[in-house]
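# Coordinates in review
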Amino acid sequence: MLNRENKFPEDAQYLMEELSGFNYTQLQLHRNDEVPSDIMHKFRQGIVQLKMDVPVQYILGYAYFMDRSFFVNDKVLIPRQDTEEMVQKIIDDHGASKKSICDIGTGSGIIAISLGLNFPNDDILATDISSEALSVAKINLDNYQVNNVWLQESDLFKKVKPQKFDIIVSNPPYIAENEKKDMDPSVIKFEPDLALYGKDNGLEFYENIVKNVDDYLSDQGILYMEFGFKQKNAINQIFCDNLPDYVVEFHKDMSGNYRYLKAKKEM
């Protein structure tokens, strides 16, 4: 478990950097300057919230993903580095031709919007079971004026009309209930359970997606999914049981843990 006392100064420093517009070095250079009253007021309010374990991104109202700022609140997950690495892989694999993409469980819309901005000719459908999450995604869509991403409320594929996508991507809930004890208090208290936890040891959504994905992937289509660092073997077995004709590649994150996969039909 992360030590709250160790992380708190970092969060407080990050809060001041964001409120002031100064990076760490600039803060040190200006450490004897008087802090403007409006910034100090926001900082003091933020410190109170930090002591209550509110994530600093929710205090600020935004988080960064692939060097872009996205609106977030407690109806959506805070973006993580692991997801950036998966999206970068999709970008690297994409090629020049126009693609149709489906983002399952879009949350704040970071994956769909990032891909939409990189590939403005693509058609991208972003779905989520949570109307509150889709409201956050809509704000981010409007902020970036992305016109090739469409939002739809749906539980996985249930309300997605029959069609074929060249890319399907998902960062589904994958945390098992018994893993709560290892998690940061800020995550447990404030990030949405709907986006965090999956039944069957966190594998529920992988089982459901894999059972239906072949109906929605084009012949050359590719599925990308993020997963928990302990789940590789179980997820590989899910593919073996349900999609034996698919080739699955497992990719490691910067820490050396397997964290996302790429799967496509063997032709």
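The sections below set out a description of the structure shown in this document. Since the model is a prediction, treat every value here as computed from it, not as a measurement.

## Some thoughts on the sheet that holds strand S4 (residues 123-128)
- Spatial strand order, S5-S4-S3-S6-S7-S9-S8: seven strands in an open sheet with mixed pairing. On the outer flanks of this sheet lie strand S5 (149-153) and strand S8 (246-252), each paired with one strand and no other. Across the sheet, the axes of successive neighbouring strands diverge by a mean angle of 15°, strand direction being ignored.
- By the bridge criterion, five bridges tie strand S3 (residues 100-104) to S4 in an arrangement that is parallel. Note on S4: the bridge partner recorded for Ile-104 is Thr-127.
- With respect to the sheet, helix H7 (residues 131-144) is in contact with S4 and S5, its orientation differing from that of S5 by roughly 165°.

## So, the packing of aromatic side chains
- In this structure the tally under the stated criterion is five aromatic pairs.
- Between Phe-157 and Tyr-216, the ring centres sit 4.5 Å apart and the planes meet at 10°, which makes this aromatic pair stacked. Residue Phe-157 is found in the loop between S5 and strand S6 (165-170), and its partner Tyr-216 is found in the loop between helix H11 (204-212) and strand S7 (217-226); the two are separated by 59 residues along the sequence. Side by side, Phe-157 and Tyr-216 carry an identical accessibility label, which is buried.

## Quick word on the pattern of salt bridges
- Enumeration over the complete set of coordinates arrives at 11 salt bridges.
- Of the charged contacts, one joins Asp-93 and Lys-89 as a salt bridge, the two residues approaching to 3.4 Å between their closest N and O atoms. Of this pair, Asp-93 and Lys-89 both sit in helix H5 (residues 81-93), separated by four residues, roughly a single helical turn.
- Residue Asp-93 is classed as partly exposed on the basis of its relative accessible area of 28%.
- Across the pair Lys-138 and Asp-142 runs a salt bridge whose closest N-O atoms are separated by 2.9 Å. Taken together, the residues Lys-138 and Asp-142, both in helix H7 and four residues apart, mark about one turn of the helix.
- With relative accessibility at 42%, the residue Lys-138 sits in the partly exposed group.
- What makes Asp-142 partly exposed here is its relative accessible area of 44%.

About the cut-offs
- Residues numbered from 1 in each chain as written.
- Predicted model: local features only at pLDDT ≥ 70, side-chain atom pairs only at ≥ 80, totals over all residues.
- Heavy atoms only, no water.
- Pairing = 2+ DSSP bridges.
- Helix = DSSP H or I, 4+ residues; strand = E, 2+ residues; numbered from the N terminus.
- Axes fitted to C-alpha atoms, helices over the stretch in contact; angles between N-to-C directions.
- Contact = heavy atoms within 4.5 Å.
- Phe/Tyr/Trp six-rings, centres within 6.5 Å; stacked < 30°, edge-to-face > 60°.
- Buried < 20%, exposed > 50% of the residue type's maximum accessible area, 1.4 Å probe, protein only.
- Salt bridge = Lys/Arg side-chain N within 4 Å of Asp/Glu carboxyl O.

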